[in-house]
Amino acid sequence: MAVAEAQLYAKVSNKHRSKSTSALLESLLAKGFPAHIAQKALVATGQKTIEDAVKWLHSHCNDPSLDDPIPQEYALYLCPTGRLHNRLQEFWKESKRQCGKNRAHDVFPHITLCDFFTCEDQKVELLYDTLKRVGDIFSQCFPASISLTLHASPSYLGFFVDDIHTNVLRDFAQAFSSEASTMADCHVKPCLKQFHLTLAHKFYPHHQKTLEQLAKCINPEEPCQWVAALYSRDMRFVHYQRLRALFQYKPQNIDELMINAGDFIYVDPTHQCDVSEGWVVGTSHRTGCRGFLPENYTEKAHESDTWVKHREYVFVTASRSSTQTEREPNVKLNGDARNPSMSRSVTSAFSLQNAALRRGVLVMRHGERVDQIFGKTWLQQCMTADGKYYRADLNFPSALPKRKDSVKQFEYDPPLSCCGIFQSRLIGEALLDQEVMVTCVYSSPALRCVQTAQHVLQGLKLNQKIKIRVEPGLLEWTKWEASKVIPNFMTLAELAEASYSIDTSYRGNFPLSSLVPSESYEDYLSRTSAVVKQIITACPSKGKGVILIVGHGSSLASFTRPLVGLPSRDSSDFAQMVRKIPSLGMCFCEELKDENKWQMVNPPVRTLTHGANAAFNWRNTLVED
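Quantities reported herein were computed from a predicted structural model and do not represent experimental measurements.

1. Topic: the state of the cysteines
Logical step 1: As enumerated under the stated definition, the model contains 0 disulfides in all.
Logical step 2: Considering cysteine sulfurs only, cysteine 186 is the nearest to cysteine 119, which forms no disulfide, with 4.4 Å between them.

This is the structure:
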């Protein structure tokens, strides 16, 4: 047991335990559940229904921490609902699309009244009573609308509560804190900072202007009903990352984790160093069990996705209730609001933002390579004794392109597998469906990259219209080349003879002869930064054409970060990041015409996720014992 957990257990165990029970608890006790476990189930589900609690108990029947007396942490937030909430959610969505995720996206729009504090499970009902009692006291003096003023700095953007309403919020928070501390025997601290509603936090400075323009479209005087809401979180996982399962995964080994689509997983980033590539070890929020799971079955989730909403107090004033209509859409405090129409100001501002965009750069990793599936000896597996190639598995390519030098050169310049070809064509078709207008295509000289570019163009139905420019400067960090030398790539003439759509007149910015084996990380960054700028300069700047760059896993960061003005990563962090980039992983940058700058946004299509499919021998499996 960790020292911190042992201290926490001791702290909880020494506290006086209340003997009060609720009707929900009595129902669970009647079903035979122990009192402390029944109370934990009620707290974990927000003490809403018996059905929710029983379902939680059944899901956590194998939870090794089920008997642990660790309480939840609670926080009191003031949350907007109605039109203001909808405008804030639109800002959340658009700021994430244009500037990427920042810390504010992890939690729904709110004003913090009392930050997180612990409360024993059997005393949580006293917090509910306190919220109701204090809310009733302040309901008559609570303002019909809260005056908010926009504040911006290089790393923070948000609304500050004006002084005229600060005292009411502070008195309410102080009253809740004082009574909760007395009634529930817990240490509650009211927020002492200036009350604020965060819009963006810890973003890159060059995004400040864009974020401010979007924030100015929010009218803080929009109709709004304020709700004081009590939330809880599992204190054990405060500093963990949260993942959301996209697909079901059934364990193949005893140390793997069963997950269903929609499950949330807690992942400790400090415990992933020794985990096999493509896997993470985490704890299921739904079951409490821990184990390994494939990382490409998940996506990043928000911090508040795993929080539990307990009780809320809705402040309804006479002036507000007379102006509300039945047509006001329902709002989810911790989710996407569904608003049938945006305000004209927000719509026009977003349209102006989109109108200011022109060129795009889509950087893509190559598809599945054959040695990724069959290992370094793949070529030996599909060569006859007289040196002829044959297809030993349906995922081997049907044939290898002809080259003048030895076929053994394919060991260091492997082609795509058949699945890699399918992946690439599928991505091209998805880009066509999204009406992405590709005008220029550049590829690393590696055969797998040229093939990926070719099949993406086929999916786009542009393989007869656009030729691929093979740029040696797009080769991955040469320190990672297995042969420790620059491979002998197929020539432009050989590629063209193999029916690849190659621009044989193009001369690269970095000839192959200039590439140095085992180059330093600094030299690699310098090369990639220079080549991407030269590519952009060479492509037409008029119109909204997309430049497609097909490279390697390392390309996604090394080509885009200098383009948007971000500093380079540390070499060790860079290596860890590259490990997580799947086949056909991509990132997308758009150019801002007014500023002549670039920003990273969501790619026009999602990447492709699929599971492994092992080799199958029917005789060994079905016939022989």
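Following the structure, the description resumes.
2. What about the pairing of strand 16 (residues 546-551)?
Logical step 1: Burial runs high along strand 16: 6 of the 6 residues are buried.
Logical step 2: Burial along strand 16 is two-sided: the face carrying Val546, Leu548 and Val550 and the face carrying Ile547, Ile549 and Gly551 are both buried.
Logical step 3: The pairing of strand 14 (residues 438-443) with strand 16 spans 5 bridges and is classified as parallel. Note that in strand 16 the partner of serine 443 across the bridge is valine 550.

3. Topic: a nonpolar patch on the surface
Logical step 1: Taken together, the side chains of Phe616, Trp618 and Leu622 present a nonpolar region at the surface, about 410 Å² in accessible area.
Logical step 2: Considering the arrangement of structural elements, one finds tryptophan 618 in helix 19 (residues 618-623).
Logical step 3: When its relative accessible area of 47% is taken as the criterion, tryptophan 618 is described as partly exposed.

4. Quick notes on the sheet that holds strand 7 (residues 241-245)
Logical step 1: The 5 strands are arranged 10-9-8-7-11 in an open sheet whose pairing can be described as antiparallel. In this open sheet, the two strands that pair with only one neighbour each are strand 10 (290-294) and strand 11 (298-300). Each neighbouring strand pair of the sheet contributes to a mean axis angle of 45°, computed without reference to strand direction.
Logical step 2: Relative to strand 10, strand 9 (residues 279-284) is paired through 5 bridges, and the arrangement is antiparallel. Note that in strand 10 the partner of valine 281 across the bridge is phenylalanine 292.

5. Comments concerning the pattern of salt bridges
Logical step 1: In the structure shown here, the tally under the stated rule is 20 salt bridges.
Logical step 2: For glutamate 591, the salt bridge identified is with arginine 359, shortest N-O distance 3.1 Å. Linking glutamate 591 in strand 17 (residues 586-592) with arginine 359 in strand 13 (residues 357-365), this pair joins segments that are 232 residues apart in sequence.
Logical step 3: By relative accessible area, which is 1% here, glutamate 591 ends up buried.
Logical step 4: The exposure class of arginine 359 is buried, given its relative accessible area of 6%.
Logical step 5: In this structure, arginine 403 and aspartate 405 form a salt bridge, with 2.7 Å as the shortest nitrogen-oxygen distance.
Logical step 6: One continuous salt-bridge network, built from bridges that share partners, spans Glu73, Arg233 and Glu303.

6. Some details on unusual backbone geometry
Logical step 1: Here glutamate 435, not a glycine, exhibits a phi torsion of approximately 60°, which is positive.
Logical step 2: Residue position: glutamate 435 is located in the loop between helix 13 (418-433) and strand 14.
Logical step 3: In this structure glutamate 435 comes out as exposed when scored by relative accessible area, which is 72%.
Logical step 4: Residues other than glycine seldom take positive phi values, yet leucine 584 does so here, at roughly 65°.
Logical step 5: Considering the arrangement of structural elements, one finds leucine 584 in the loop between helix 18 (571-579) and strand 17.
Logical step 6: Take leucine 584: its relative accessible area is 1%, and that puts it in the buried class.

Each value, and the rule that gives it
Residues numbered from 1 in each chain as written. Predicted model: local features only at pLDDT ≥ 70, side-chain atom pairs only at ≥ 80, totals over all residues. Heavy atoms only, no water. Disulfide = S-S within 2.5 Å. Buried < 20%, exposed > 50% of the residue type's maximum accessible area, 1.4 Å probe, protein only. Helix = DSSP H or I, 4+ residues; strand = E, 2+ residues; numbered from the N terminus. Pairing = 2+ DSSP bridges. Patch = residues over 30% accessible without salt bridge, like charges linked within 9 Å, V, L, I, M, F, W, Y side chains within 5 Å. Areas by Shrake-Rupley, 256 points an atom, 1.4 Å probe, with all protein chains shown as cover. Salt bridge = Lys/Arg side-chain N within 4 Å of Asp/Glu carboxyl O. Axes fitted to C-alpha atoms, helices over the stretch in contact; angles between N-to-C directions.

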